[in-house]
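Per-entry structural report
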Amino acid sequence: MKSIKALTRPSIWEIKPYSSARDEFEIQDDNLLFLDANENPFNNNLNRYPDPKQFFLKQKLSELKHVKPKQILIGNGSDEVLDLLFRAFCEPFKDSILTLTPTYGMYGVLAHLNAIENQEVSLTSDFQIDVENVLKTIQKNTKIIILCSPNNPSGNLLDSKAIEQIIKVFDGLVIIDEAYIDFTNSRSWLDRLNEFPNLVVIQTLSKAYGLAAIRLGMCFASKNIIEILNKIKPPYNINSLTQDAALSGILKRDEVERQIKIIVTERNKLIIFLKQLYFVENVFPTDSNFILIRVDNANLRYKQLISKNVIVRNRHKQNLCQNCLRITIGTPDDNIKLINALKSI
Ligand SMILES: *Cc1c(COP(=O)(O)O)cnc(C)c1O
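Residues numbered from 1 in each chain as written. Predicted model: local features only at pLDDT ≥ 70, side-chain atom pairs only at ≥ 80, totals over all residues. Heavy atoms only, no water.

**Some thoughts on the pattern of salt bridges**
For clarity, the threshold we go by: Any Lys or Arg side-chain nitrogen found within 4 Å of a carboxyl oxygen on Asp or Glu counts as a salt bridge.
On inspection of all chains with the given rule, the structure shows 17 salt bridges. Linking Arg187 and Asp191 is a salt bridge whose minimum nitrogen-to-oxygen distance equals 3.2 Å.

**Thoughts on the sheet that holds strand 11 (residues 324-328)**
Here is the rule we go by: Following DSSP output, two strands are said to pair if at least two bridges run between them. Helix numbering and strand numbering both begin at the N terminus, where a helix is a DSSP run of H or I of at least 4 residues and a strand a DSSP run of E of at least 2. It only takes one pair of heavy atoms within 4.5 Å for two residues to be counted as in contact. Axes here refer to lines fitted to C-alpha atoms; in helices the fit is confined to the stretch in contact. Angles between the N-to-C directions go from 0 to 180 degrees.
With antiparallel pairing, the four strands of this open sheet are ordered in space as 8-9-11-10. The open sheet has two free edges, formed respectively by strand 8 (280-283) and strand 10 (313-314), since each of these has just one partner strand. On top of the sheet, helix 12 (residues 298-307) reaches strand 9 (290-295), strand 10 and strand 11; it is set at about 35° to strand 11, its chief contact.

**Here's the deal with the site of the ligand**
For clarity, the threshold we go by: In these notes, residues near a molecule or strand are those with any non-hydrogen atom within 4 Å of it. Within 3.5 Å is the distance limit for a polar contact, defined as a pair of N or O atoms, with the added protein rule that one can donate a hydrogen and the other accept it, and that residues adjacent in sequence qualify only through two side-chain atoms. All accessibility values rest on the Shrake-Rupley procedure with a 1.4 Å probe; residue burial counts only the protein chains present in the view. Side-chain classes are defined by residue name, with Ala, Val, Leu, Ile, Met, Phe, Trp, Tyr, Cys and Pro counting as nonpolar, Asp, Glu, Lys and Arg as charged, and the others, Gly among them, as polar.
Close to the ligand lie 14 residues; Ser78, Tyr180, Ser206, Lys207 and Arg215 are nearest. Residue Asn152 places a side-chain N or O atom 2.9 Å away from an oxygen atom belonging to the ligand. Residue Ser206 places a side-chain N or O atom 2.6 Å away from an oxygen atom belonging to the ligand. Here the ligand has 390 Å² of accessible area as a free molecule, and 94% of this is covered by the chains. Here the shell around the ligand is built from residues that sort into five nonpolar, five polar and four charged.

**What to know about helix 11 (residues 253-275)**
Put simply, the test is: The span one expects for a helix is its residue count, reduced by one, times 1.5 Å. Working definition: with a 1.4 Å probe on protein chains only, accessible area under 20% of the residue-type maximum means buried, over 50% means exposed, and in between means partly exposed.
With 23 residues, helix 11 ought to run about 33 Å at 1.5 Å a step, and its terminal C-alpha atoms sit 33 Å apart, in line with that. Buried within helix 11 we find Val256, Ile260, Ile263, Glu266, Arg267, Leu270, Ile271, Phe273 and Leu274. As for helix 11, its buried residues are in contact with strand 8, strand 9, strand 11 and helix 13 (332-343).

**Brief notes about the side chain of Asn323**
Among the structural elements, Asn323 can be located in the loop between strand 10 and strand 11. Taking the relative accessible area as the measure of exposure, Asn323 reaches 18% and is therefore buried.

**What about helix 9 (residues 223-232)?**
So the rule is basically this: The arc refers to the directions leading from the helix axis to the C-beta atoms.
All of the buried residues along helix 9 are Ile225, Ile226, Ile228, Leu229 and Ile232. The buried residues of helix 9 all sit within an arc of 155° when viewed along its axis, so they share a single face.

**Let's talk about the pairing of strand 9**
Strand 9 sits mainly inside the fold: five of its six residues count as buried. Here strand 8 pairs with strand 9 via three bridges, running antiparallel. In the sheet register, Asn282 faces strand 9, and the bridge partner there is Arg294. The loop that links strand 8 with its antiparallel partner strand 9 comprises six residues. The pairing of strand 9 with strand 11 spans five bridges and is antiparallel.

**Overview of the sheet that holds strand 3 (residues 117-122)**
Read across the open sheet, the seven strands follow the order 1-7-6-5-4-2-3; overall the sheet is mixed. Only two strands of the sheet have a single partner each, and these edge strands are strand 1 (72-75) and strand 3. When the angles between neighbouring strand axes are averaged without regard to direction, this sheet yields 25°. Examined bridge by bridge, strand 4 (residues 142-148) and strand 5 (residues 173-177) share five bridges and lie parallel to one another. Its bridge partner being in strand 5, Leu147 is matched across the sheet by Ile176. Along the sheet, helix 6 (residues 105-113) makes contact with strand 2 (96-101), strand 3, strand 4 and strand 5, crossing strand 2 at roughly 160°.

**Looking at the environment of Ile116**
Of note, Ile116 is situated in the loop between helix 6 and strand 3. Among the residues examined, Ile116 registers a relative accessible area of 6% and is labelled buried. Between the alpha carbons of Ile116 and Gln165 there is a distance of 25 Å; along the sequence they are 49 residues apart. Non-local contacts of Ile116, meaning those with residues more than four positions away in its chain, are made with Phe86, Cys90, Asp95, Ser96, Ile97 and Ala111.

Here it is as structure tokens:
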């Protein structure tokens, strides 16, 4: 791969980050009188700025994920993490990212927002990577390849040999978005972070951990990459309510595991039901908490479900997703309601 310096936008490499009051004086001691940040001094547990480095949260994540705290960046959702990566490494009107469609829509939106070209390469008809096509599409200014595994909206894991081949050949960054990794039995690419200096892994508390409302995304990469992102992140991007909720959330791993088991059981039940439904033509294999199905007429079935108070995602307009609906797995009760709605159509 190219050096991190060669990959970073020159203006960002040189940037001097804003130094917040909490950056300049970090020691926590109850005897210290903090008169440096223009805060209201009356304690209500929220009157002080949050820790800009999220020390305790990174400490816990480090134990849980077996990576060093210096290899972690926390964002206001994965969306902020992606935005920071684009802004750090892709020069507007010059550089590009490469994505595999159909995939998560935010990649394209954030690329557009940052005036970066999004080179789209189609997945194969079974939603796998066409490595040859990817490698031949890479240009001189392709800085980032994003691989979503398990992929949204198809639900499947991408082939790990194909991923490895791309990481090894590409001289820019490879981001693997593992938003749904907790629903699979597959190894996370985190295990191989130290093997590949150009690998960036993104995870989130929005899905399996049941904390979409707090907005917390995690980025794991080499210390050098994280250092660059730290220079440009908003100093107080993770508020203290979120830091506290994330800390207690990740400690409830047993409860999360229990819920994942229920979701996977419900998913497998629903797959069996869907496969024999008269208007369902294909139920795509899934490693996630959702199922992509092909029906006879997606727009019609989507509207009929709405009329029964069930909202699914219509993916009809996405590449390879003609007449496809994406269904998120709910609770066992939700599943009964969904099945009844489908039966009554
Ligand atoms: C839901 C989802 C995310 C999560 O984004 P947050 O901003 O962390 O809530 C990220 N990537 C993919 C592919 C998703 O489907």
